[in-house]
Structures are given as structure tokens and as C-alpha cells.
Amino acid sequence: EAGVAQSPRYKIIEKRQSVAFWCNPISGHATLYWYQQILGQGPKLLIQFQNNGVVDDSQLPKDRFSAERLKGVDSTLKIQPAKLEDSAVYLCASSLLGGVSTGELFFGEGSRLTVL
Amino acid sequence: SQQGEEDPQALSIQEGENATMNCSYKTSINNLQWYRQNSGRGLVHLILIRSNEREKHSGRLRVTLDTSKKSSSLLITASRAADTASYFCATADVSGNTPLVFGKGTRLSVIA
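Residues numbered from 1 in each chain as written. Chains lettered and ligands numbered in written order. Predicted model: local features only at pLDDT ≥ 70, side-chain atom pairs only at ≥ 80, totals over all residues. Heavy atoms only, no water.

A. Spatial organisation of the overall build of chain B. Along the backbone of chain B there are 0 helices and 11 strands. In chain B, the succession of α and β elements from N to C terminus is β-β-β-β-β-β-β-β-β-β-β. Rg of the C-alpha trace for chain B: 13 Å, near the compact-globule value of 13 Å for 112 residues, within the 12% margin. Reported as C-alpha extents along the three principal axes, the dimensions of chain B are approximately 45 × 30 × 20 Å. Per-residue burial over chain B gives 46% buried out of 112 residues. Long-range pairs, those at least 24 residues apart, make up 56% of the contacts in chain B with a sequence separation of at least 6. For chain B, the exposed area adds up to about 5,300 Å²; of that, 44% sits on carbon and sulfur atoms. Looking at charge distribution, chain B has the averaged site of its 13 positive side-chain charges lying 4 Å from that of its 10 negative ones. (Helix = DSSP H or I, 4+ residues; strand = E, 2+ residues; numbered from the N terminus. Rg over C-alpha atoms; globule rule 2.2 N^0.38 Å. Buried < 20%, exposed > 50% of the residue type's maximum accessible area, 1.4 Å probe, protein only. Contact = heavy atoms within 4.5 Å. Areas by Shrake-Rupley, 256 points an atom, 1.4 Å probe, with all protein chains shown as cover. Lys, Arg positive; Asp, Glu negative; His and termini not counted. Charge placed at Lys NZ, Arg CZ, Asp CG, Glu CD.)

In C-alpha cells, the structure reads:
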């Protein structure tokens, strides 16, 4: 079974530029998450999708971050314009279920963003 | 805000020794999970323990949960150099209204 795919693995941009990350979850997984992991810290949830609907985006900086999950499968996370503090690893994860039945999350390898 | 807090922040042991990491959390939970992250990689699920369970084993891993103290521990027995990684606890809130929340992690170094 293929795992969660993410691209690109690495991206370096100047501040105020834009960047987009792509995620393809495990086939059949209804729930998709984007987490931000700053160096030395644990992952912080940015947004959770259930199929193609947003369940939780309370910690997504909506003035610069946007995410979509078209057709309930692939997802794209965009940052525009980027700030220095956005330098982090962006992790995509998927799971069969969500909410009170939150079980195991399957993570991709992450996309490491460096903002100069 | 992050729910779980792991202790210690960093741990260095010799190969063959046991490693114990602790996690404390603040609110009532449905379950608690432990994940491992090798340097530069994604997180890998290790074990899930439900709020009505007190202990769970998986290979060399032993997890305990004390809901009265809002704490959990992860024990890795007979550690190997390959166990070198960061370990995170993550909690699923009992309300079901919040997704999995991760702590800051424990960095484990196993010296051969």
C-alpha cells in the first residue's frame, strides 16, 4: 500500500514570495491534515479536512495561508506572501476516521520550507 | 496550544539500556498515541492507548496511562542505535471536537 505522498521535499524562497505544497493521502482515507513543525517543536495542526470539507482551520493564518482538497482526495497548501517565521516542515497526514474516533495518523515525509 | 508535554526534553543512553519517556496532558482524553520521528522524516505511529486502558505492549514498547494523573509513559526496553529519534505523545480530546494534538517531544539518543 502506497503511503502519503508529499512534494516538493524542499523549497527555498525569499520572503513575500508564494509557495504551494501538494499532498496525496492514502487511498480511502477520508481525513486529511496539514501540520506545521518548527525546528525543535512538535507538529501544530493547521487544517483538517473530512472528505473535501473543512473540519478545523482555527489555527490557520488565513491572511496568508490557504488550503483546499478538491474531490476529497489530493490537497494543496499555499502560503502567500511568505514570512521568515513560516520556515518549517509542513507535514501532511491522513487517517481513516476523524473526530472522537481519531485513530492512527499516517504521515508523509514532509516539505521543508526555508524563507530567506 | 499543545496538549501534551514530554519529559525529559532529551535523553541519552547506552545501547541495551531501557529508555523511559513521560507525557503529561491537561484535559480529558479519548485516547493517547505515541509517535516516532527520525531526523528529517515524517512521524510514524507506534502505539495507541485508550482512556479505559492502563497498559499496552507492542514488541519492545510498553505504554502506561494514568488518567487520574493525566500522564503516560513510554518505555523502550533493550534499546538499539536505530531507536535514536524524537518521540512525541499526542492526545485525542474526549469531546471529539478537536483533532490530535502533539507535544514537543523527547529526543532520544542511543549510543552504540
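Next comes the rest of the write-up.
B. Looking closely at the pattern of salt bridges. A full pass over the atoms with the stated rule returns 6 salt bridges over all chains. In this structure, the salt-bridge partner of B:Arg41 is A:Glu109, at a minimum N-O distance of 2.7 Å. Placement of the pair is B:Arg41 in the loop between strand 4 (29-37) and strand 5 (43-50) and A:Glu109 in the loop between strand 10 (106-107) and strand 11 (111-115), with the two residues belonging to separate chains. Owing to a relative accessible area of 43%, B:Arg41 belongs among the partly exposed residues under this scheme. Notably, a salt bridge pairs B:Lys56 with B:Glu53, separated by 3.9 Å at the nearest N-O pair. The exposure class of B:Glu53 is partly exposed, given its relative accessible area of 25%. (Salt bridge = Lys/Arg side-chain N within 4 Å of Asp/Glu carboxyl O.)

C. Representation of the sheet that holds strand 1 (residues 5-7) of chain B within the structure. Residues and elements named next belong to chain B. With respect to topology, 5 strands assemble into an open sheet ordered 1-3-8-7-6, the strand pairing being antiparallel. Across the chains shown, the open sheet's two edge strands, defined by having one partner strand only, are strand 1 and strand 6 (55-58). Direction aside, neighbouring strands of the sheet carry axes that sit 20° apart on average. Pairing geometry for strand 7 (residues 61-66) and strand 8 (residues 71-76), over 6 bridges, is antiparallel. Across the sheet, Leu65 pairs through a bridge with Ser72, a residue of strand 8. (Pairing = 2+ DSSP bridges. Axes fitted to C-alpha atoms, helices over the stretch in contact; angles between N-to-C directions.)

D. Molecular detail of the interface of chain B and chain A. Between chain B and chain A, the contact holds 22 residues from the first and 23 residues from the second. Interface area for chain B against chain A, summed over the two sides, is near 1,700 Å², with a carbon-plus-sulfur share of 50%. When residues of chain B are sorted by the area they lose upon contact with chain A, B:Leu43, B:Pro99 and B:Phe102 head the list and together hold 27% of the total. Counting across the chain B and chain A interface gives 1 salt bridge. There are 6 residue pairs in polar contact (both at pLDDT 80 or more) connecting chain B and chain A. If you list the elements that add at least two residues to the side of chain B that touches chain A, you get strand 4, strand 5 and strand 9 (85-93) of chain B. At 5 residues, the largest contribution of residues to the side of chain B that touches chain A is made by strand 4 of chain B. Looking at the side of chain B that touches chain A residue by residue, the classes come out as 9 nonpolar, 11 polar and 2 charged. (Buried area = accessible area lost by both parts, 1.4 Å probe. Polar contact = N/O pair within 3.5 Å; in protein donor to acceptor, adjacent residues only side chain to side chain. Nonpolar A, V, L, I, M, F, W, Y, C, P; charged D, E, K, R; others polar.)

E. Focus on the sheet that holds strand 7 (residues 65-68) of chain A. Residue and element names in this part refer to chain A. Ordered in space as 1-3-8-7, the 4 strands form an open sheet in which the pairing is antiparallel. Bordering the open sheet on either side are strand 1 (5-7) and strand 7, each of which pairs with just one other strand. Shown here is a sheet whose adjacent strand axes are inclined to one another by a mean of 15°, direction ignored. In terms of strand pairing, strand 1 meets strand 3 (residues 19-24) through 3 bridges, oriented antiparallel. Along strand 3, the bridge assignment pairs Ala5 with Asn24.

F. Expanded view of the environment of B:Thr84. Residues and elements named next belong to chain B. Inspection of the secondary structure puts Thr84 in the loop between strand 8 and strand 9. On the accessibility criterion, Thr84 (32% relative accessible area) is partly exposed. As for Thr84 and Ser12, which are separated by 72 residues in sequence, their C-alpha atoms are 9.1 Å apart. With sequence-adjacent residues up to four places away left out, Thr84 is seen in contact with Asn38, Leu108, Ser109 and Val110.

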